[in-house]
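An overview of the molecular structure
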There are 2 protein chains.
Amino acid sequence: MATYDPLKRALKKEGLRYTQQRQSVWDELCATNDHRDAEEIYLAIRQSGLNVSRATVYRTIDVLVKNKMVRKLELGDGRARYEHKINATHHDHLICIQCGKIEEFMDEVIESRQDEIVKKFGYKLVRHIHQLFIICSECESP
Amino acid sequence: MATYDPLKRALKKEGLRYTQQRQSVWDELCATNDHRDAEEIYLAIRQSGLNVSRATVYRTIDVLVKNKMVRKLELGDGRARYEHKINATHHDHLICIQCGKIEEFMDEVIESRQDEIVKKFGYKLVRHIHQLFIICSECESP
DNA sequence: TATATTCTGAGACTCAATCTCAATAAGAAT
DNA sequence: ATTCTTATTGAGATTGAGTCTCAGAATATA
């Protein structure tokens, strides 16, 4: 299984045990390139016949986020979304406020301007959130 | 009172009544240039001897945000912050992940790149969130 | 001042996320 | 393979920001 090794490695690094539940959460996150919330991950795993609790889904996602295998997106609607980082390069997001569709963008100019701004303040950049809330073409003219 | 007129105007526009409670929320928001959460606004008003409920604070802030008199900031920690927009020009935020200090920045290059990105997708930009999470100089070398 | 209507406050409620703790499972040692 | 220690799990309780409810209070209009 392609997703097996990185999970085992991360768990070992954290001194945690390898379990079927943790594997199922990681597998489900890797199953699509969507940006899903914890409840959707939870339901998808149960749909597939495996038993797992919400608490375990949240706890496992925390481990994965901490180990940079999964990225947590806060869209300001009180429900975090998650995306796996397998083969992913850095990007930020466009979010349609009508249909909720999420697309990705990346702009070198913006990235370097950010660094310059932070440098000018004399600070150290840790991470950034850059979200463009839009109305997509389908929603604009259906 | 400097903050009296815009409030009355907004309330009239929304078909809402002018009340002491609404005035007190707006006054308190204008009292500082900080980025405070609803609980802080609520406590500050009570501190000053006026009686107001949490519900009214939230309800009034909603009206003010809707009328662009107040800006709501979602920092991803589950507690929205608010800043009044008296004399304010557009800006985004630097947030120290250590001490919570919030500073403001604005970059024309980034602003126009955003427009170009959205145009390239064929979408319509409604609003954006751009937050730089940093470690400030005081926290870096105390 | 009377009347109709909106607003307020106290607390119930919601919902995502976290915590609790007894039962279960993993992994190490034998 | 079995035992033993310790981490993990699941069900449900809890948290906390924010919203809702509705009877009583306050506001605007006549």
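These remarks concern the structure in this document. (Residues numbered from 1 in each chain as written. Chains lettered and ligands numbered in written order. Predicted model: local features only at pLDDT ≥ 70, side-chain atom pairs only at ≥ 80, totals over all residues. Heavy atoms only, no water.)

**A few points about the protein's contact with DNA strand C**
We apply this condition: Only heavy atoms are used to decide nearness, and a residue is near a molecule or strand if one of them lies within 4 Å of it. The definition of a polar contact used here is a pair of N or O atoms within 3.5 Å, where within protein one atom must be able to donate a hydrogen and the other to accept one, and adjacent residues in sequence count solely through side-chain atom pairs. Classification convention: Asp, Glu, Lys, Arg as charged; Ala, Val, Leu, Ile, Met, Phe, Trp, Tyr, Cys, Pro as nonpolar; all other residues, Gly among them, as polar.
Close to DNA strand C lie 19 residues; Tyr 58 of chain A together with Arg 17, Thr 19, Thr 56 and Arg 59 of chain B are nearest. Protein-adjacent atoms of DNA strand C, using a 4 Å cutoff, are sugar or phosphate at a proportion of 69%. Backbone polar atom of Gly 78 of chain A to a sugar or linking oxygen of DNA strand C: 3.1 Å apart, as the coordinates give it. At 2.9 Å, a side-chain N or O of Arg 22 of chain B approaches a phosphate oxygen of DNA strand C. Its residues assigned to classes, the surface near DNA strand C comprises seven nonpolar, six polar and six charged.

**So, the packing of aromatic side chains**
So the rule is basically this: Stacked, tilted and edge-to-face are the three classes assigned to paired rings of Phe, Tyr and Trp, where Trp is represented by its six-membered ring and a pair needs centres within 6.5 Å; plane angles under 30 degrees give stacked, over 60 edge-to-face, the rest tilted. Working rule: Lys NZ or Arg CZ, within 6 Å of ring centre, within 35 degrees of ring normal, means a charge sits over the ring.
The final tally for this structure, using the stated rule, is two aromatic pairs over all chains. Geometry around Phe 133 of chain B places Arg 127 of chain A over its ring, the cationic atom sitting 4.0 Å from the centre.

**Topic: the interface of chain A and chain B**
Which entries qualify depends on this criterion: We call two residues in contact whenever any of their non-hydrogen atoms come within 4.5 Å of each other. Joining two parts hides part of their accessible area as seen by a 1.4 Å probe, and the buried area is that hidden amount summed over both. Salt bridge criterion: a side-chain nitrogen from Lys or Arg within 4 Å of a carboxyl oxygen from Asp or Glu. Helix and strand labels come from DSSP, where a helix needs a run of H or I of at least four residues and a strand needs a run of E of at least two; each type is numbered from the N terminus. When DSSP finds at least two bridges between two strands, those strands are taken to pair.
On the chain B side, the residues contacting the 33 residues of chain A number 33 residues. Among the residues of chain A in contact with chain B, Tyr 123, Ile 129 and Phe 133 of chain A are the three that bury the most area, contributing 20% of the side total. Seen at the junction of chain A and chain B, the total is two salt bridges. As a salt-bridge pair, Asp 107 of chain A and Arg 113 of chain B come within 2.9 Å of each other at their nearest N and O atoms. The interface formed by chain A and chain B includes 14 residue pairs in polar contact (both at pLDDT 80 or more). Secondary-structure elements contributing two or more residues to the side of chain A that touches chain B are strand E5 (102-105), helix H5 (108-121), strand E6 (124-135) and helix H6 (137-140) of chain A. At twelve residues, the largest contribution of residues to the side of chain A that touches chain B is made by E6 of chain A. By residue class, the composition of the side of chain A that touches chain B is 17 nonpolar, seven polar and nine charged. Where E6 of chain A lies against strand E6 (residues 124-135) of chain B, eleven bridges are found, and the strand directions are antiparallel. Bridge pairing links Gln 131 of chain A to Ile 129 of chain B in E6 of chain B.

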